[in-house]
Amino acid sequence: MAGKLIDISMPLTSSVPTWPGDTPYSFDLAWTKAESGSVNVGKVEMSTHTGTHIDAPYHFDSEGKRVLELDLELYAGRAIVVDVTGKEVIAPEDLADQPLDGAERVLLKTGSWQDRTVFPEKITYLDEELAAFLSEKGVRLIGVDVPSVDVLDSKALPAHHALLQNGINILEGIVLDDVEPGEYELIALPLPLKDADGSPVRAVLREI
Ligand SMILES: Nc1ccccc1C(=O)C[C@H](N)C(=O)O
Ligand SMILES: [Zn+2]
Ligand SMILES: [Zn+2]
């Protein structure tokens, strides 16, 4: 029997932090039941990069694929959670001892975003050399427990670009604080948003 789902998503609330200057999250009723006579009807406004979300390549490459063109298979299947807590940057040597061969999806537990009520000032980021190393192991999706795979004030986004060049897609803002390292099934499907540069996801793990 399949195990229970472990939710690794950030709740979307009026206080979820957004990228500085970006569109805040809001949920409001467009019509109340009293107004419509039949139903409450909600409307949502948010940045596509709030909370737990995926980046489409178009986010940082104007020629890149958009959300609707992404291969859904990337976002569902076997994943390995690796504990890299306490590191400032993750380079190939930090993952050298991990059983990554055949791991199509790797989720990095950095522990560097503890207070999720505020946008972090500093996070663990990925060395651009990591992309080629992971790609050689067969990795096609990388997940991080922080808002970016790059340094927060980066404009060049070297890790984002290196990952794209090596065929690795990006999942950001997952919550791994209570997840033990090991093998899981991941489900983190983007919404079918035409033209979009990213999408919120409901990310879950299941023990396998
Ligand atoms: N939302 C933003 C607004 C302005 C500048 C950057 C962002 C980002 O989201 C970048 C981040 N590296 C990301 O991929 O999620
Ligand atoms: Zn993003
Ligand atoms: Zn990103």
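Residues numbered from 1 in each chain as written. Chains lettered and ligands numbered in written order. Predicted model: local features only at pLDDT ≥ 70, side-chain atom pairs only at ≥ 80, totals over all residues. Heavy atoms only, no water.

Named according to an unreviewed UniProt entry, the protein chain is Kynurenine formamidase originating from Fictibacillus marinisediminis. Comment text from UniProt for the protein chain, heading Subunit (unreviewed entry), reads "Homodimer." Per UniProt, the protein chain carries the Function (unreviewed entry) text "Catalyzes the hydrolysis of N-formyl-L-kynurenine to L-kynurenine, the second step in the kynurenine pathway of tryptophan degradation." (UniProt positions renumbered as here; feature names shortened; annotations may be inferred.)

1. Some points on the coordination of the zinc ion (ligand 2)
The protein atoms donating to the zinc ion (ligand 2) are H49 (ND1), H53 (NE2), D55 (OD) and E172 (OE), with metal-donor distances spanning 2.1 to 2.3 Å. Around the zinc ion (ligand 2), the 6 donor atoms sit at angles spanning 49 to 173°, and that spread fits a shape best called irregular. Mapped onto the sequence, the donors of the zinc ion (ligand 2) take the spacing H-x3-H-x1-D-x116-E. Taken as an interatomic distance, the gap from the zinc ion (ligand 2) to the zinc ion (ligand 3) is 3.3 Å; D55 donates to each of them. Taken together, the residues D55 in strand β4 (residues 53-55) and E172 in strand β10 (residues 169-172) connect sequence positions 117 residues apart. Side by side, D55 and E172 carry an identical accessibility label, which is buried. (Donors = N, O, S within 2.8 Å, 3.2 Å for Na, K, Ca; no water. Tetrahedral: all angles 85-135°; square planar, octahedral: opposite > 155°, others 65-115°. Helix = DSSP H or I, 4+ residues; strand = E, 2+ residues; numbered from the N terminus. Buried < 20%, exposed > 50% of the residue type's maximum accessible area, 1.4 Å probe, protein only.)

2. What about the coordination of the zinc ion (ligand 3)?
Within the protein, the atoms that donate to the zinc ion (ligand 3) are D55 (OD), H160 (NE2), E172 (OE) and E172 (OE), at distances of 1.9 to 2.6 Å. For the zinc ion (ligand 3), the single-chain donor residues occur in sequence as D-x104-H-x11-E.

3. Describing the sheet that holds strand β1 (residues 5-7)
Sheet architecture is open: 9 strands sit in the order β1-β13-β11-β5-β7-β9-β10-β4-β12, paired in mixed fashion. With one partner strand each, in any of the chains shown, β1 and β12 (198-200) form the two edges of the open sheet. Strand-to-strand twist in this sheet, taken as the mean axis angle between neighbours without regard to direction, amounts to 30°. (Pairing = 2+ DSSP bridges. Axes fitted to C-alpha atoms, helices over the stretch in contact; angles between N-to-C directions.)

4. Description of the UniProt feature "binding site: Zn(2+) 1" (unreviewed entry) in the protein chain
Following the UniProt record, the feature "binding site: Zn(2+) 1" (unreviewed entry) maps to H49, H53, D55 and E172 here. In sequence the annotated residues extend across 124 residues, while in space they remain close, none of their C-alpha pairs exceeding 8.4 Å. Since its relative accessible area comes to 2%, D55 is described here as buried. Leaving out residues up to four positions away in the same chain, D55 has contacts with H49, F60, H160, I170, E172, D197 and G198. Here the side chain of D55 touches H53 through a polar contact of 3.3 Å, side chain to side chain. In this structure E172 comes out as buried when scored by relative accessible area, which is 2%. In this structure, E172 is in contact with H49, G51, T52, H53, D55, V144, V146, P147, S148, V149 and H160, ignoring residues within four places of it in sequence. For E172, the side chain forms a polar contact with the main-chain nitrogen of V149, separated by 3.4 Å. (Contact = heavy atoms within 4.5 Å. Polar contact = N/O pair within 3.5 Å; in protein donor to acceptor, adjacent residues only side chain to side chain.)

5. Looking at the pattern of salt bridges
Counted by the stated rule, this structure contains 8 salt bridges. Across the pair R206 and E185 runs a salt bridge whose closest N-O atoms are separated by 3.3 Å. With a gap of 21 residues between them, R206 in strand β13 (residues 204-207) and E185 in strand β11 (residues 182-187) connect regions that are remote in the sequence. By relative accessible area, R206 is classed as partly exposed at 21%. In this structure E185 comes out as partly exposed when scored by relative accessible area, which is 25%. Bridged by salt links that share partners, the residues D71, E104 and R140 form one connected network. (Salt bridge = Lys/Arg side-chain N within 4 Å of Asp/Glu carboxyl O.)

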